[in-house]
Amino acid sequence: MRVGLKVNGVNYSLDVEANERLSDVLRTRLGFMGVKEGCGVGDCGLCVVLMDDKPINSCLVLAYQADGREIQTVESLSVAGKLHPLQKAFIDVGAVQCGFCIPAALMVLKHLLDTNPSASSEEVRHALRSVLCRCGSYLRFLEAFEAVRKR
Amino acid sequence: MMELGYLRLPRIQVHVAKTVEEALKLLEQDGEQGILAGGTYTVSALAEGKTKLRKFVDISRIRELAKLREENGKAVVGALVTHAELSKLLGHRIPALKTFWKTYSAPTVANLATVGGSVMLRKSSEDLISILLVLDAELRFQTSDGESRVKLCDFMVEKASSKKLLTAVSFEQSGSCYFEKLWLGVSRIPIVSVALNVRVEQRVELARVAVSHKDGNIPNRVYAVERFLEGRVLDDSTVEKAVHQLSQSINPLSDIIAPAWYRREAAAVLFKRLLKQAAG
Amino acid sequence: MQAREFLVVGKKVARVDALDAVLGKPVYTADLIAEKPLFVKAVRSKLPHAYVKGIDFSKVEKKQSVRKIITHRDIPGVNDAGSLIPDRPLLAVDKVRHIGEAVALIVGDTVEDAEEAAELVDVYYEPLPVVSNPREAVKPDAPRVQDRDNVVTHFKIRKGDVEKGFRESDTVIERTYKTPFITGLPLETEIAYAYPDGDGRITCISSMQNLYDVYNKVLKILGLPAERLRVVQAATGGGFGPKSDETPIDVAAYACLATYFTGKPALSAFTRSEAMTVQCKRHAFEITNMVGASRNGRLLAWKSTLFEDTGAYISKGHLVIGRATFHCTGPYEVPNVWADGFCVLTNNTMAGSTRGFGAPQAHYAAEMTMNELAEELGLSPLEIRELNMLRSGSLTATSQKIEDDGLLQCYRRAVESSEWERKIRVFQEFNKNGSSYRKGIGIALLYHGNTLGPEGDDFATVLTRVERDGRVFVQTGLTEFGTGALTSLVLVTAETLGLPPRMIQLERPDTAAVPNSGPTVASRTTVIGGKAALDAALKIRAAVASVAARLLKTDAAKLDFREGFIWSSSGISLAWEEAVRQCYEEGVELKALGHYIAPPTRWDPETGQGAPYNQYTYGALVAEVTVDMETGFVKVDRMTAAYDVGRAINPLGLIAVYEGGSIMGLGYALLEEIVHDDGVVLNPNLHTFIIPTATEAPDKIDSIIVEVPGPMGVFGAKAMGEIPVVLPAAAIAGAVANATGVYIRELPLRPDRVLAALRQRKET
């Protein structure tokens, strides 16, 4: 099946099998390794990307279903070598531990920052519920979000 | 795909339908097909080896099914409207939908999961079903013989049929519809949830109560409690009796998330809190 | 080296790998697959205990897409994947002993091919009776899990005269506590990518904690000479114990076997439910404590019986029982101790190395015992602890003398910072308000023997070299998987050489480049690895100093390395890069292998008396909870964590470890349990095994760093990586008891368990 999708501002056109998921295509066909595989069933959120400006689990979307959509992955956050404020905040507050959930956490918080910068602590936690972090960096993420939205 | 599989989905065949008619025709041709909408259930079921289906009719591109409109004061929600869209659009009008969003286990899944997909699953994991039940929801199906309508509460006990396609759900937009849920972590399997829709003047004019685990792990309305409440003054004594009646009228199952006795007790507690909320 | 204030150590620095993580750089194993690989899928048993009568491959043998089928007969070397004790075959021979045990491997062209084929393999089993808990397994007529007694180890402590102690006690209580299996659950599952690297060598890139464990075992399994295998650790998405245990050996062996037989690149990766079924679990414990005290609260006698369920294979069970038994009295001085710790085989899935290594279980039981004892005596949880906690001069349960007051400092800081006394009053008032909520506060203390102690040779190596342009490269067999400990090695090196940390780079752990550095476990990377890094850095420094001294016309001993320069005592400086260039000119080698081995520890196995550890980390954790009395839901509002880290090499990194461990421990306290039903794992996925999300994290975690330098670690550092996960269950259960009056003696404190306990209390 033929699919045309825009990823991080660039248009791609490719043939996909029916059973290829958006996460498979982003990772193995287009090389966006920030998209991780953690469970394949929508529990862990490590595969979260923005699709048409909404955070979704890319392991639950079949690649051909993303035809005509705009996808943003963590690779789009830094522009011309300059880090997105959230990326810088993550480093500054010590939010990175094993790193495996970081791309997903960044995309969820980027979306929140863009759509609801005055989100309450409860709303930030709610948004972060989509991403499991076994290292337990949730309070670091909250602190990073706080730091960025204050500016 | 073995029960222990996830890295790639098993090989499948998909036909993408552009219209409802096309979808029905495709479904007619082969009874061994599943329907793909948001994919949140189907894709994860394929990954977990929970389904042996390998052929699907994809309806996610049928744009008319993604619309939401009003008809005689009722909301008519297309089957493809997502959980997130529904709560965003109607959450300010129907408190239960606001709580539904707040208690959603993983909000990113809500951006994909559809109203229709939820309804068709008929399982306790679908918070929306309890809410729709108390809003007197009616389902609109399209078949090769035309449109057929079924009340959601009747559909819950109907036999499954692959020959009809759910196109929309209509329901009352009640401002006194409330929802409470107990759940753990990010699990999509709730401990228990309760939905309540009441209209109270001096007495209870209308009472609709639904529990996620009314029978086993199937949600439904608790008619005995509704009948009890209607016509009564909503005072402490009524509340106490209604709560007790509810715990006697449901038959939840035990699973790895919670034992049956706990679901029963917790449903009663949630119901009591909802009644207090409704009484003001 | 002159003593001076630290310039880099103890300062706020970014982790060296944080930038790669926020950029989503492709550094994990799955990101590094260069060519389309074959895929290796294990055929796993669906029964927990059975003879394997035969395997029928007829449906898959002729498939084009199946390149190789591997059974135990095909293993070229030794069919052994046990990490320390050779009790576990890589592929089952005549028997399977737990659900999901691997009986064969299918090598297919793609993931789908391998999985479809694995599904079509028919294995014929003769079921055997299942022994599902230690109480059953120790009975004389219990089914034998292996060809040995089900009781693998009996750990003993015999200190003083415990019977006399009980006789002299005014109060004696006996309580039994249970803790469940859980999985450490690294979010990156087991994965290995192997390929022939053109020189007749197989290279395996994989996700792991213990580089040389994987290398040594795979070498033996494949029967290869040392130079024909190379193992490289890629970035690893979480360790927590399972990645240091036996399943990383399995997955690497699977991939390497496929490459061995086909000559092609091969990938093997576990699915989430596969990983959660077979990766090692935290040992389930049943601990009975009988404790006697005088009327004023002084402990006189302590008797512990610990039953540890190690599942079907031993893995580290024989060591975990040791740590749990050594720490069974908690950090308190008791003159008379009798403890029996039993490591027992059952047909549950294998338990092994998991964060805490027996300490979380032992401390939950010990701290709850102290709380229950306090209540019996009419004392507060603080009073009983103040009376008995280990202080300078105290003797532990093994009669080891404590040399410092780190525990007291942690205790005081935690009590003060949490405003314990004020909270007690505030909560008492709150609890009278007639709502369905009750608030409570609890405290728990720990001491944690560093580092491997009796668990193995505690050594480390670090290879450091300086390039011509002055950049320093540090490489070691110790691995990074989230702890941030390798950043500590960078800081130690930077401090010693007087350089900013950005001039120090880490290289991947690679068996082709570095010698064995021991396992990356037991929170020893900073403590022991840091000493090796210090050793290497000092050697480099000495080499550079010999040249710089001559250039600066002074003695090498008088040089000060700081801020990228080398200073003579008269104030003349030489840039580091300049000194390095000069070294290269003169042929002075700037490459050093640092090494450190901790003093061996000794104790008497018959009495458990001696000094099993070289130093102790101390800690105090206060937890505040709100309990919904109608639903049994427990919310942790706040945690105050004070740990004596010896020396905080990387304070910012420590905050993440404090908070992360606290949240993980919260999960163990309230949510997590791997449920076996007659050996079958019922919840091997993330919607039925519940871990904390952002919603469960407390409102606040107050992280208090206490520094009482220890004798062993680099710059006085103490083990920290595991520590914060040890106490949350104890402190939270104590807080719930304070809120509700009910002691819940089984983890996790799930809402239904709490509600049932509350109901029971009402009835009695």
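Worth saying up front: this structure is predicted, and the values here are computed from it rather than measured.

A. Structural view of the overall build of chain A. A tally of helices and strands in chain A yields 5 helices and 5 strands. Along chain A, from the amino end to the carboxyl end, the secondary structure elements read β-β-α-β-β-β-α-α-α-α. Against the globule reference of 15 Å for 151 residues, chain A gives a C-alpha radius of gyration of 15 Å, in line with a compact fold. Principal axes of the C-alpha set define a box for chain A whose edges measure 45 × 30 × 25 Å. Scored against the burial criterion, the 151 residues of chain A give a buried share of 65%.

B. Structural context of the overall build of chain B. Looking only at helices and strands, one finds 11 helices and 13 strands in chain B. Against the 2.2 N^0.38 benchmark of 19 Å for 280 residues, chain B shows a C-alpha radius of gyration of 19 Å, consistent with a compact globule. Projected onto the principal axes, the alpha-carbon positions of chain B cover approximately 60 × 45 × 30 Å. The 280 residues of chain B split such that 55% are buried. Contacts spanning at least 24 positions in sequence make up 64% of the contacts within chain B whose residues lie at least 6 apart.

C. Structural context of the UniProt feature "domain: FAD-binding PCMH-type" (unreviewed entry) in chain B. Those places that UniProt annotates as "domain: FAD-binding PCMH-type" (unreviewed entry) correspond, in this numbering, to residues 7-176 of chain B. Along residues 7-176 of chain B, the helical share is 34% and the strand share 24%, with 45 Å between the first and last C-alpha atoms.

D. The arrangement of the interface of chain A and chain C in detail. Taken together, the contact between chain A and chain C spans 36 residues of the former and 42 residues of the latter. Along the lines of polarity and charge, the residues of the side of chain A that touches chain C split into 20 nonpolar, 10 polar and 6 charged.

E. Geometry of the domain arrangement of chain A. Residue and element names in this part refer to chain A. The domain boundaries assigned to chain A delineate domain 1 (2-76) and domain 2 (85-150). For domain 1 versus domain 2, the distance between C-alpha centres works out to 21 Å. Domain 1 puts 11 residues into the contact, and the matching count from domain 2 is 11 residues. When residues of the side of domain 1 that touches domain 2 are assigned to their parent elements, the largest contribution, 3 residues, is made by strand 3 (residues 48-51). Here the side of domain 1 that touches domain 2 is built from residues that sort into 8 nonpolar, 2 polar and 1 charged.

F. Representation of the interface of chain A and chain B in the model. Listed per partner, the contact involves 25 residues of chain A and 25 residues of chain B. Its residues placed into classes, the side of chain A that touches chain B shows 11 nonpolar, 8 polar and 6 charged.

G. A look at the pairing of strand 3 of chain A. Residues and elements named next belong to chain A. Residues V48 and L50 line one face of strand 3 and the alternating positions V49 and M51 line the opposite face, and both faces are buried. Taken together, strand 3 and the strand that follows it, strand 4 (residues 54-57), pair antiparallel across an intervening segment of 2 residues, in which D52 is found at a positive phi of about 50 degrees. Here strand 3 runs beside strand 5 (residues 70-72); their pairing, made up of 2 bridges, is antiparallel. In the strand pairing of strand 5, L50 is matched with Q72.

H. Local environment of the nonpolar core. Residues V218, A255, I732 and V736 of chain C are the most contacted members of the largest nonpolar core, which totals 423 residues. No other element matches the 13 residues that helix 15 (residues 525-552) of chain C contributes to this core.

I. View of the domain arrangement of chain B. Residue and element names in this part refer to chain B. Here chain B is described as being made up of domain 1 (13-61), domain 2 (64-171) and domain 3 (178-279). Computed over C-alpha atoms only, the centres of domain 2 and domain 3 are separated by 20 Å. With 21 residues of domain 2 at the interface, the matching set in domain 3 holds 26 residues. Put simply, the parts of the chain that give the side of domain 2 that touches domain 3 at least two residues each are helix 4 (95-102) and helix 7 (127-134). The element that contributes the greatest number of residues to the side of domain 2 that touches domain 3 is helix 7, accounting for 6 residues. Among the residues making up the side of domain 2 that touches domain 3, the classes are represented as 11 nonpolar, 6 polar and 4 charged.

Definitions and cut-offs
- Residues numbered from 1 in each chain as written.
- Chains lettered and ligands numbered in written order.
- Predicted model: local features only at pLDDT ≥ 70, side-chain atom pairs only at ≥ 80, totals over all residues.
- Helix = DSSP H or I, 4+ residues; strand = E, 2+ residues; numbered from the N terminus.
- Rg over C-alpha atoms; globule rule 2.2 N^0.38 Å.
- Buried ≥ 20, exposed ≤ 12 C-beta atoms within 10 Å, placed from the backbone.
- Contact = placed C-beta atoms within 7 Å.
- UniProt positions renumbered as here; feature names shortened; annotations may be inferred.
- Nonpolar A, V, L, I, M, F, W, Y, C, P; charged D, E, K, R; others polar.
- Domains from an automatic or database assignment.
- Pairing = 2+ DSSP bridges.
- Core = buried A, V, L, I, M, F, W, Y, C linked by C-beta atoms within 7 Å.

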